[in-house]
Amino acid sequence: MSSEAAPGLLLVLSAPSGAGKTTLAHRFRAAHADAVFSISATTRAPRGAERDGVDYHFVSPERFAALVGEGAFAEWAEVHGARYGTLRATVGEALAAGRIAIFDIDVQGGSLIKAAWPRETATVFVLPPSMAELERRLRGRSTDSEEVIRRRLAGARAEVARGLAGYDYVIVNDVLADADAKLEAIARHERALRGGPPDEAAARLAAVCRRGVVPLAGWRE
Ligand code: ADP
Ligand code: 5GP
């Protein structure tokens, strides 16, 4: 048996804003010494307790445009009126070091990462249990104005339709500990598929999170 470390994994999390993907991504990272959170660059202003270089690299529109010109982004997109981009260097460093890189990005960005690194990427779409719960979470977070909340809710159905059409896995984030366990199983299983240690229990739990297997009452219309 080879004792080689598992190869790197690009674990993409997408969701309509407010579903809980940032919460899940940070809890996953905290539980894994070998996981890194991909810190995107963005032109939007920090909100709440967000810190530059920790949650995002907060940059001016001019700096963002310069980074685009330099080819620094693996993908970038305009979301809710601001620009966001994944730094190519983050992907390269994580893969070279055999680490798990977690991406909290939208579906268009996630699909581009998957297209660029098809063998290294697993895409996970996070759903709140219902649209009403999504609205409660966005309001409960108390970080966005009424106008921003309305814009995010208006975009949610389209984001859900795109995620359900193309992603590998779906996690319904109802009870947080269950969602944590599912994400853990998906990561273990995806690493096993790429030469990491086999894990039967993880394979079983990951299988019930496969898109097409998860029951989605209320989200398909
Ligand atoms: P996103 O990154 O998808 O926009 P967040 O991680 O910021 O979402 O979560 C939105 C809000 O919902 C936060 O206040 C968070 O604490 C809360 N939240 C996340 N997961 C759950 C859950 N399973 N049950 C209840 N509240 C949750
Ligand atoms: P927020 O403003 O709530 O932090 O993020 C808004 C949306 O932008 C979320 O769907 C988030 O996942 C997405 N996002 C954050 N970083 C990136 C990125 O680098 N690329 C893309 N395509 N989307 C991103």
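Cut-offs and rules
- Residues numbered from 1 in each chain as written.
- Chains lettered and ligands numbered in written order.
- Predicted model: local features only at pLDDT ≥ 70, side-chain atom pairs only at ≥ 80, totals over all residues.
- Heavy atoms only, no water.
- Near = heavy atom within 4 Å.
- Polar contact = N/O pair within 3.5 Å; in protein donor to acceptor, adjacent residues only side chain to side chain.
- Areas by Shrake-Rupley, 256 points an atom, 1.4 Å probe, with all protein chains shown as cover.
- Helix = DSSP H or I, 4+ residues; strand = E, 2+ residues; numbered from the N terminus.
- Nonpolar A, V, L, I, M, F, W, Y, C, P; charged D, E, K, R; others polar.
- Buried < 20%, exposed > 50% of the residue type's maximum accessible area, 1.4 Å probe, protein only.
- Pairing = 2+ DSSP bridges.
- Contact = heavy atoms within 4.5 Å.
- Axes fitted to C-alpha atoms, helices over the stretch in contact; angles between N-to-C directions.
- Parallel < 35°, antiparallel > 145°, perpendicular 65-115°, else oblique.
- Left-handed = near helix turned anticlockwise from the far one by under 90°.
- Core = buried A, V, L, I, M, F, W, Y, C linked by side-chain atoms within 4.5 Å.

1. Some words on the site of ligand 2
Turning to step 1, where the next piece is worked out: Close contacts around ligand 2 come from 17 residues, with S40, R44, Y56, Y84 and D106 the closest.
Turning to step 2, where the next piece is worked out: One nitrogen or oxygen atom from the side chain of E75 is found 2.7 Å from a nitrogen atom belonging to ligand 2.
Turning to step 3, where the next piece is worked out: Between ligand 2 and R152 there is a distance of 2.8 Å, counted from an oxygen atom to a side-chain nitrogen or oxygen.
Turning to step 4, where the next piece is worked out: Relative to its unbound accessible surface of 510 Å², ligand 2 loses 96% to contact with the protein.
Turning to step 5, where the next piece is worked out: Elements with a contribution of two residues or more to the shell around ligand 2: strand 5 (73–79) and strand 6 (82–87).
Turning to step 6, where the next piece is worked out: Partitioning the shell around ligand 2 into residue classes produces 5 nonpolar, 5 polar and 7 charged.

2. Concerning the pairing of strand 5
Turning to step 1, where the next piece is worked out: With 5 of its 7 residues buried, strand 5 lies for the most part within the structure.
Turning to step 2, where the next piece is worked out: In the sheet, strand 5 pairs with strand 6 via 6 bridges, with the strands oriented antiparallel. By the bridge assignment for strand 6, E75 is matched with T86.
Turning to step 3, where the next piece is worked out: Where strand 5 folds back on strand 6, the antiparallel hairpin that results is connected by 2 residues, among which H80 adopts a positive phi of roughly 50°.

3. A word on the site of ligand 1
Turning to step 1, where the next piece is worked out: Around ligand 1 lies a shell of 13 residues, among which G18, T22, T23, R141 and N173 are the nearest.
Turning to step 2, where the next piece is worked out: One of the backbone nitrogen or oxygen atoms of G20 is found 2.9 Å away from an oxygen atom of ligand 1.
Turning to step 3, where the next piece is worked out: The separation between a nitrogen atom of ligand 1 and a polar side-chain atom of N173 is 2.8 Å.
Turning to step 4, where the next piece is worked out: When ligand 1 sits alone it has 570 Å² of accessible area, and the protein chains cover 76% of it.
Turning to step 5, where the next piece is worked out: Elements that contribute at least two residues to the shell around ligand 1 include exactly helix 1 (21–31) and helix 5 (131–141).
Turning to step 6, where the next piece is worked out: When residues in the shell around ligand 1 are grouped by element, the largest group, 3 residues, is from helix 1.

4. A closer look at the pairing of strand 7 (residues 100–104)
Consecutive side chains along a regular strand alternate between the two faces of the sheet.
Turning to step 1, where the next piece is worked out: In terms of residue burial, strand 7 counts as a mostly covered element, since 5 of its 5 residues are buried.
Turning to step 2, where the next piece is worked out: Neither face of strand 7 is exposed, since I100, I102 and D104 on one face and A101 and F103 on the opposite face are all buried.
Turning to step 3, where the next piece is worked out: Taken together, the 5 bridges between strand 1 (residues 9–14) and strand 7 define a ladder with parallel strand orientation. Looking at strand 7, one finds that L13 is bridged to D104.

5. Focus: the side chain of S40
Turning to step 1, where the next piece is worked out: In this fold, S40 is placed in the loop between strand 2 (35–37) and strand 3 (41–42).
Turning to step 2, where the next piece is worked out: Classification of S40 by relative accessible area gives buried; the value is 5%.
Turning to step 3, where the next piece is worked out: In this structure S40 touches Y56, H57, G85, T86 and I105, once residues within four positions along its chain are discounted.

6. Points about the packing of helix 1 against helix 7 (residues 176–193)
Turning to step 1, where the next piece is worked out: Axis separation between helix 1 and helix 7 bottoms out at 10 Å; the angle between their running directions is 60°. By the criterion of interaxial angle, the relationship of helix 1 to helix 7 is oblique. Relative to helix 7, the crossing made by helix 1 is right-handed. Residues T23, L24, R27 and F28 of helix 1 touch helix 7, and the partners they reach there are L176, A179, D180, L183, E184 and A187.

7. Some words on the nonpolar core
Turning to step 1, where the next piece is worked out: L11, L13, F28, I102, V124, L183 and I186 are the most contacted members of the largest nonpolar core, which totals 29 residues.
Turning to step 2, where the next piece is worked out: Residue contributions to this core peak at 4 residues, all from helix 7.
Turning to step 3, where the next piece is worked out: When sequence neighbours within four positions are dropped, the list of residues in contact with I186 reads L11, V124, Y169, I171, A206 and C209.
Turning to step 4, where the next piece is worked out: With 19 residues, the next largest nonpolar core counts V91, A94, I105 and W117 among its residues.

8. As for the environment of V214
Turning to step 1, where the next piece is worked out: With respect to the helices and strands, the residue V214 is situated in the segment after helix 8 (200–208).
Turning to step 2, where the next piece is worked out: Along the chain, V214 and V170 lie 44 residues apart, while their C-alpha atoms are 6.8 Å from each other.
Turning to step 3, where the next piece is worked out: Here V214 is in contact with V170, V172, V208 and C209, once residues within four sequence places are set aside.

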